[in-house]
Amino acid sequence: MALWLWGLTLAVAEEASGLRIALWDPQLGRKGPGLLYRDILARKDPQIAASVAEMASLSADVLLLLDFDWDAQGLAAEAFRKRLAAQGLDYPYALHLQPNSGLPSGADLDGNGVLGEARDAQGYGRFTGQGGVLLLSRLEIGPVQDLSGTLWRDMPDTLIAGAGLSEAAQRVQRLSSTVHWDVRLHEAGHALRLLVWAATPPIFDGPEDRNGRRNHDETAFWLPYLAGLPDDPPVVMLGRANLDPDQSEGRKDALQALLAHPRLQDPRPASTDAAQRGSPFATSDLSGRLLRLDYILPDRRLQVSGAGTRWQAPAHVSTRYKMVWVDIAWPCDCARGD
């Protein structure tokens, strides 16, 4: 099955003081199917162990992990959830849908005359599910709407024209390089809506700017989508735009519009360590270049009580990306604008 979702029944407190939402790419992805599951079980990989310790120390209520390889049985995700539980971080609910990364398209998307390469997948990947997305939650998950099958050419005001795709490629090319999800969370009669995505980098292409166009449209997708959503429940945008609104390469207007959207707020999570290097809001260190690539954008009606990035990772965590977190007051009577 493409969808992997499970939950355990737990008693939930009627009152809560807050909710911590976090996003991180600990770069746990592997180069072949089943290897992540193998390494989680073996308990010999220092990167996995240190990543588990880092997540346990932050203790987020909702945690989105990027670059987490998908498998049809959810074996790696379940094994990882158990590793976290052993450290005192219990997530009774999880969502792990089949991503577009590594998913065969059946077409020669890069136009080099060879089928079945990593660049011919719906999203770059050497195998189906490479670099997937895992959502872990203490709140009940569901219903879920997987929007990842949307064709790029079907998006309103798409930039696909000029991207160098053949007509055959345009007929099958999906917009999402990884995922676009609309996920409901529930706790004690209160609901929250997560809008999750992970866009392609706007680089690694030619003068046609295919990746730049796609990166733009993967974020721009949310603008009309937000306009069509009811006011309740409140929303939280959560994911990787793979674009800095000020300094990185790429087409920035869609991201800037999302950051300025009247329904959302940008708490601008920061860290002292990044500030000392001149980029307080950076979420990544790409060979010395500090960029803000990952975002948590709560509904404007949600009260933000704290936000930040974990810039100092523990020993053995070798990742270019930093954990981002935002605390919101919860539950929220957002119908009254609390």
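Below or above, wherever it landed, is the structure these notes cover.

Rules of the game
Residues numbered from 1 in each chain as written. Predicted model: local features only at pLDDT ≥ 70, side-chain atom pairs only at ≥ 80, totals over all residues. Heavy atoms only, no water. Helix = DSSP H or I, 4+ residues; strand = E, 2+ residues; numbered from the N terminus. Buried < 20%, exposed > 50% of the residue type's maximum accessible area, 1.4 Å probe, protein only. Contact = heavy atoms within 4.5 Å. Areas by Shrake-Rupley, 256 points an atom, 1.4 Å probe, with all protein chains shown as cover. Lys, Arg positive; Asp, Glu negative; His and termini not counted. Charge placed at Lys NZ, Arg CZ, Asp CG, Glu CD. 1 Å grid on protein atoms, 1.4 Å probe; cavity = no way out; pocket = protein on both sides within 12 Å on 5 of 7 lines; lining within 4 Å. Points joined across faces, edges and corners; volume = space filled by probe spheres on them. Pairing = 2+ DSSP bridges. Axes fitted to C-alpha atoms, helices over the stretch in contact; angles between N-to-C directions. Expected span 1.5 Å × (residues − 1). Parallel < 35°, antiparallel > 145°, perpendicular 65-115°, else oblique. Left-handed = near helix turned anticlockwise from the far one by under 90°. Salt bridge = Lys/Arg side-chain N within 4 Å of Asp/Glu carboxyl O.

**A closer look at the overall build of the protein**
So, point 1. Across its full length, the protein holds eight helices and 14 strands.
So, point 2. Across its three principal directions, the C-alpha atoms of the protein cover 60 × 50 × 45 Å.
So, point 3. Counting the 338 residues in the protein, one finds 54% classified as buried.
So, point 4. Considering only residue pairs separated by 6 or more positions, the protein has 76% of its internal contacts joining residues 24 or more positions apart.
So, point 5. A total accessible area of about 14,000 Å² is found for the protein, and carbon and sulfur atoms account for 49% of it.
So, point 6. With 34 positive and 42 negative side-chain charges, the protein shows a separation of 4 Å between the mean positions of the two kinds.

**Comments concerning the side chain of S271**
So, point 1. Within the secondary structure, S271 sits in the loop between α7 (253-259) and α8 (272-276).
So, point 2. On the basis of relative accessible area, S271 is assigned to the buried category, the value being 9%.
So, point 3. Apart from the residues within four sequence positions on either side, S271 is in contact with P280, T309 and W311.

**Overview of the layout of surface pockets**
So, point 1. The computed volume of the largest pocket comes to approximately 1,400 Å³.
So, point 2. Lining the largest pocket are 45 residues, and of these Y124, T200, P201, F204 and N242 sit closest to its centre.
So, point 3. Of all the secondary-structure elements, those providing two or more residues to the lining of the largest pocket are α5 (210-220) and β11 (289-291).
So, point 4. It is α5 that contributes the most residues to the lining of the largest pocket, three residues altogether.

**Observations concerning the sheet that holds strand β6 (residues 140-146)**
So, point 1. Read across the open sheet, the five strands follow the order β6-β7-β8-β9-β12; overall the sheet is mixed. Of all strands in the sheet, those with a lone pairing partner are β6 and β12 (294-298), marking the two edges. Adjacent strand axes in the sheet meet at a mean angle of 20 degrees, parallel and antiparallel pairs treated alike.
So, point 2. By the bridge criterion, six bridges tie strand β8 (residues 190-198) to strand β9 (residues 235-240) in an arrangement that is parallel. By the bridge assignment for β9, V196 is matched with L238.

**What to know about helix α3 (residues 75-86)**
So, point 1. Spanning twelve residues, α3 covers 17 Å between terminal C-alpha atoms, matching the ideal 16 Å at 1.5 Å per step.
So, point 2. Buried residues of α3: A76, A77, A79, F80, R81, R83 and L84, and no others.
So, point 3. Positive backbone phi, approximately 90 degrees, marks G88, located one or two places after α3.

**Here's the deal with the side chain of H216**
So, point 1. Within the secondary structure, H216 is located in helix α5.
So, point 2. If we skip the residues at most four places from it in the chain, H216 touches L159, R251, D253 and A254.

**Focus on the packing of helix α2 (residues 46-58) against α3**
So, point 1. Packing of α2 against α3 brings their axes to within 9 Å, and their N-to-C directions diverge by 60 degrees. As judged from the angle between their axes, α2 and α3 are oblique. Relative to α3, α2 is oriented so that their crossing is right-handed. Mapping the contact onto sequence places I48, A49, V52 and M55 in α2 and F80, R83 and L84 in α3.

**Describing the pattern of salt bridges**
So, point 1. The final tally for this structure, using the stated rule, is 19 salt bridges.
So, point 2. Here R301 ties to D232 by a salt bridge, and the two come within 3.3 Å at their closest N and O atoms. Remark: D232 occurs in the loop between α6 (222-227) and β9 and R301 occurs in the loop between β12 and β13 (304-310); sequence separation between them is 69 residues.
So, point 3. Residue classification places R301 among the partly exposed positions, given a relative accessible area of 21%.
So, point 4. Connected via shared salt-bridge partners are R30, R38, D39 and D45.

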